[in-house]
Every structure is written in structure tokens, then in C-alpha cells.
Amino acid sequence: MEYEHKILFTEVELTSAQIKALVATDVTLVAAPGAGKVIVPLFSTLTLKYGTAAYAWANTDHAIAIGSASTDSDAEAQALIESVDNHTIVLRPSVDSAELATNTALAISASGTGEPTTGDGTLLVKVAYYVIDVTE
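Conventions used here
Every chain's residues receive numbers from 1 upward, in the order its sequence appears when written. pLDDT decides what is reported in this predicted model: residues at 70 or higher carry local features, side-chain atom pairs at 80 or more are listed and counted, and totals for whole chains, interfaces and linings draw on all residues regardless. Values reported for side chains reflect all heavy atoms of the structure, with hydrogen atoms and water molecules removed beforehand. A side-chain nitrogen of Lys or Arg and a carboxyl oxygen of Asp or Glu constitute a salt bridge if their distance falls within 4 Å. Per the convention used, a helix needs a DSSP run of H or I reaching at least four residues, while a strand needs a run of E reaching at least two, with both numbered from the N terminus. When accessible area is computed with a 1.4 Å probe and restricted to protein chains, residues below 20% of their type maximum are described as buried, those above 50% as exposed, and intermediate ones as partly exposed.

Caption draft 1: Structural context of the pattern of salt bridges. Under the counting rule described, the total for this entry stands at two salt bridges. Note that K126 and E11 form a salt bridge whose closest N and O atoms lie 3.8 Å from each other. One end of the pair, K126, is in strand β10 (residues 122–133); the other, E11, is in strand β1 (residues 8–14), with 115 residues separating them in the sequence. The exposure class of E11 is exposed, given its relative accessible area of 53%. Residue K49 is joined to E13 by a salt bridge in which the shortest nitrogen-to-oxygen separation is 3.2 Å. Linking K49 in strand β3 (residues 37–49) with E13 in strand β1, this pair joins segments that are 36 residues apart in sequence. According to the relative accessible area criterion, K49 is partly exposed, its value standing at 33%.

Next comes the structure, spelled out in C-alpha cells:
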């Protein structure tokens, strides 16, 4: 059987307030697709759009994730958020197997100890993905 899947794109710009709360509060990028459907993310770009002051993200063990794709290291996540100019990274899903839950939204999240503080830039998130129906 052959199937055609249309590649879809979404773009969400996180506000400074959302960036400062990203460890505690995920931000939905793609709404849940409906019963029996799964979102398959292909890649994401994250661009910190520097404002007038840099963020400070103290402590350690930071990561930024979209689905099964996450920053490679604490240093990469911190460098993005604390950048003093526009800065872009690409996230790709892990090559390892990852279970995809049906009817689940795709969100950006952060982990670590403490939220980013100060700062006033925004974070532009672009995601390429497709949706499959697992009931067919």
C-alpha cells in the first residue's frame, strides 16, 4: 500500500513571558490532530530574536524539547536562550525509536532548574511535520 503525506509547517512566536515560564509551562505548537491520528515531527528551527536585554538562565541541566527532539546539551540550550543577538538552532528527532501517542498535541518544553530571567526577546519556532492516520 502507498500513502501520500503532505508536509505541513507551523510557526509560533513565544513571547518573553512564555520564555520565562517555559520550564513550568509547555507551549502548544500543533493542536492534537484527532482520534487515531499521530503528529510526526520532521525538524524544527528555533530562533531567539534578541530584544534589548539578554536572558539569564542560571543553574544547570537545561534542555529544550519538541516531541522527541531536544537540544544536545545544557550548553546548547543555554547559548540559545542567553544569546546577545539573533541565534538559530535546528532540532531533529532522535534516531532512536520514539513512541508517538495518538491525538496528542505537539509542544515545546524546557527542563532544568530555574526559569530564564530578565531578557525581553522572543523565540520563533518553526516546525515541519506530517500527520498519519494509524487506523488505516
